[in-house]
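Geometric and topological summary
Each chain is listed here by its residues.
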Amino acid sequence: MTKKLIPFFLLFFIITSLSAQKKKAATSHETVLPDKPKLVVGIVVDQMRYDFLYRYSEKYTAGGFKRLMNQGFNCRNNHYDYAPTVTAAGHAAIFTGSIPAINGMIGNEWFNQKTGKSVYCVEDTAVKTVGSDSKAGLMSPKNLLVSTITDQLRIANNFESKTIVIALKDRGSILPAGHTANAAYWFDSKNGAWITSTFYMTELPQWAKDFNASKMPQKYMAKGWETLLPMDQYTESTADNQIYESKLSGEKTPSFPHELAAQAGVNLLEVIRTTPFGNTLTKDFALAAIKNENLGKSPKTDFLTVSFSSTDYVGHSFGPNSVEAEDTYLRLDRDIEEILTTLDNTLGKNNYLVFLSADHGVADVPGFWQSQKLPTGILDRSGAITEVKTALKTAFGEGEFIRAEDNYQLYLNNILLQAKKLTYAQIHAVVRETMLKRDDVSDVIDLHNLTNSTLPDYQLNFVKNGLNPRRSGDIMFVLNPSWFIGYKTGTTHGTLYRYDTHVPLLFYGWKVKVGETTLRTNISDIAPTIADFLDILEPNGSIGNVISGVKN
Ligand SMILES: [Zn+2]
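Read on for an overview of the structure. (Residues numbered from 1 in each chain as written. Predicted model: local features only at pLDDT ≥ 70, side-chain atom pairs only at ≥ 80, totals over all residues. Heavy atoms only, no water.)

1. Focus on helix α6 (residues 149-156)
To keep it simple, the criterion reads: Accessible area is worked out with a 1.4 Å probe on protein chains only. A residue is then buried under 20% of its type maximum, exposed over 50%, and partly exposed in between. Think of it this way: any DSSP run of H or I at least four residues long counts as a helix, any run of E at least two long counts as a strand, and we number them from the N terminus. Residue contacts follow a heavy-atom distance rule, with two residues in contact if any of their heavy atoms lie within 4.5 Å.
By the criterion of burial, α6 is predominantly enclosed, with six of the eight residues buried. Among all positions in α6, only Ile149, Thr150, Asp151, Gln152, Leu153 and Arg154 are buried. On its buried side, α6 packs onto α4 (87-96), β7 (163-167), α7 (170-177), β10 (302-308) and α20 (526-534). Directly after α6, the chain includes asparagine 158, whose backbone phi takes a positive value near 50 degrees.

Here it is in structure tokens:
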């Protein structure tokens, strides 16, 4: 009798302790996760270089960038692997898991040999603006040659997942949205409104109309721009007023306080882009979308992308070492904190999956480097092109040999070459010899004959990845590190050097491991990694790998 009772009591204990564990698990957010994340949130910070995660970290809150870094997975050695490193190419690469050679986004614009005109990456005259009377909505993804991760999610869920993108820049919105998005919204400076195009819808939803009617941009600009913290705490940045910084439209000095005062000839609804309030406005509109579109509330995974563009505008004008840039990142950190807190409250902590990256990095301002005796400079663009044209005429006789120059590439006049029976190699030899006489040019590449290039293999691969034969030029020139085409004030990006390629990549939330890696990851790995999280197929042009160790 007692021999039979012991197993019975044991069984009783096992059952009661198991059910207690189950109850405990049911009340804990950490251990009971939905089968799929309720929402994927892709955050792109325009022009955010990798080091900005650390440079200002003492002044970041615990709930913004640092929450993603400390409670998520940090890919510390994440790079672009093509040039030119610009906004359109970067946003496309993140969401297609691909490269310009395949997805077609070889620049923000390029020259069309057939029409003889420049093409803007997302232009589309066949559609109309929705939400404004301006032409800022004549845009669509028709020039994007492949699918995005958001397209693949829609296809995988038989179009039940909702995908929405919000960005001040049209290209920052349209390219992540892909071809099947429910909505892509961008900002129209003419009317200060969030708009879209008939590619997506015929009328703005009521909540978006209401948001536009609330005139938030005007309210932000009326307050002016003072530093978030007292000025003497901006110890990471150079003194505020520098001759190599650009002035905001309508201002006399490039320094605080930026009064943003209304005056004739200045459109403050355009100037808002070059202040942190452009980002805050983006955050406000994203929160309105989360609420009113019920994102993450349906049985299928939804996907929200938010691209913060003001970091790029501010970076171009004032440079990475400016008080303005630091202040913009400190404020963005708080905006990101607000988004995460809102998602915690509406969807539950760890029920959503976040990734954060950037579309490219940025060079330090040449004027700042020169003040510290570092080698840098601005290419005399028209001088260099004139020298090349003159050399070509001397060698081959009269004619316009160069039709256009864009993205550090020359587009040759093919008809003239045929008429004069000249080969690309002959033209390249003259262009190369001429340009290499300049101290600022490091190499000149025949894009029709990459195997003969003297460029190091590591860099040659970047050129190859960025080259789409139907859209790219014929000859490419590479400048020395920290040299670029630009202006006397401010800075830019676009090269194959580390300051333009090394950008943050953070994963956080649903099934994300806490950790970090210093193994090299590429931008094209993001989309396949998200596809792996979601058990869906990666985009059709993807060349990346699933990053190991990110997923629990
Ligand atoms: Zn830029």
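2. Here we look at the coordination of the zinc ion
For clarity, the cut-off: Listed donor atoms are N, O and S within 2.8 Å of the metal (Na, K and Ca: 3.2 Å). As water is not included, a site may look incomplete. The geometry test gives tetrahedral to four donors whose angles all lie between 85 and 135 degrees, gives square planar to four donors and octahedral to six donors whose opposite members are over 155 degrees apart with all other angles between 65 and 115, and gives irregular to the rest.
Distances from the zinc ion to its protein donors, Asp312 (OD), Asp312 (OD), His316 (NE2) and His493 (NE2), fall at 2.1 to 2.6 Å. Angles of 54 to 159 degrees at the metal separate the four donor atoms of the zinc ion, which places the site in the irregular class. Counting along the primary sequence, the residues that act as donors to the zinc ion give the motif D-x3-H-x176-H. Of the two residues, histidine 316 is situated in helix α12 (residues 310-318) and histidine 493 in the loop between β17 (483-484) and α19 (498-501); the sequence distance between them amounts to 177 residues. When its relative accessible area of 24% is taken as the criterion, histidine 316 is described as partly exposed.

3. Remarks on the pattern of salt bridges
We count it as follows: Salt-bridge detection follows one rule: a side-chain nitrogen of Lys or Arg within 4 Å of a carboxyl oxygen of Asp or Glu.
What the rule picks out here adds up to 22 salt bridges. A salt bridge links arginine 49 to aspartate 364, with the nearest nitrogen and oxygen atoms 3.1 Å apart. Here the residue arginine 49 occupies a position in the loop between β1 (39-45) and α2 (52-55), and aspartate 364 occupies one in the loop between β11 (352-357) and α14 (366-371), the gap between them amounting to 315 residues. Relative accessible area serves as the criterion here: at 8%, arginine 49 is assigned to the buried category. On the basis of relative accessible area, aspartate 364 is assigned to the buried category, the value being 18%. The salt bridge partner of glutamate 387 is arginine 438, with a shortest N-O separation of 3.2 Å.

4. Brief notes about the packing of aromatic side chains
Note the following rule: Here a Phe, Tyr or Trp ring, Trp counted by its six-membered ring, pairs with any other such ring whose centre lies within 6.5 Å, and the pair is stacked when the planes are under 30 degrees apart, edge-to-face when over 60, and tilted otherwise. Sitting over a ring, as applied to charges here, requires NZ of Lys or CZ of Arg to be within 6 Å of the ring centre and within 35 degrees of the ring normal.
Under the definition given, this model contains 29 aromatic pairs. Summarising the aromatic geometry, the rings of tyrosine 80 and tyrosine 82 are spaced 5.4 Å apart at their centres and angled 85 degrees between planes, so their arrangement reads as edge-to-face. Each member of the pair, tyrosine 80 together with tyrosine 82, is buried. The aromatic ring of phenylalanine 533 is capped on one face by lysine 551, whose charged end is 5.9 Å from the ring centroid.

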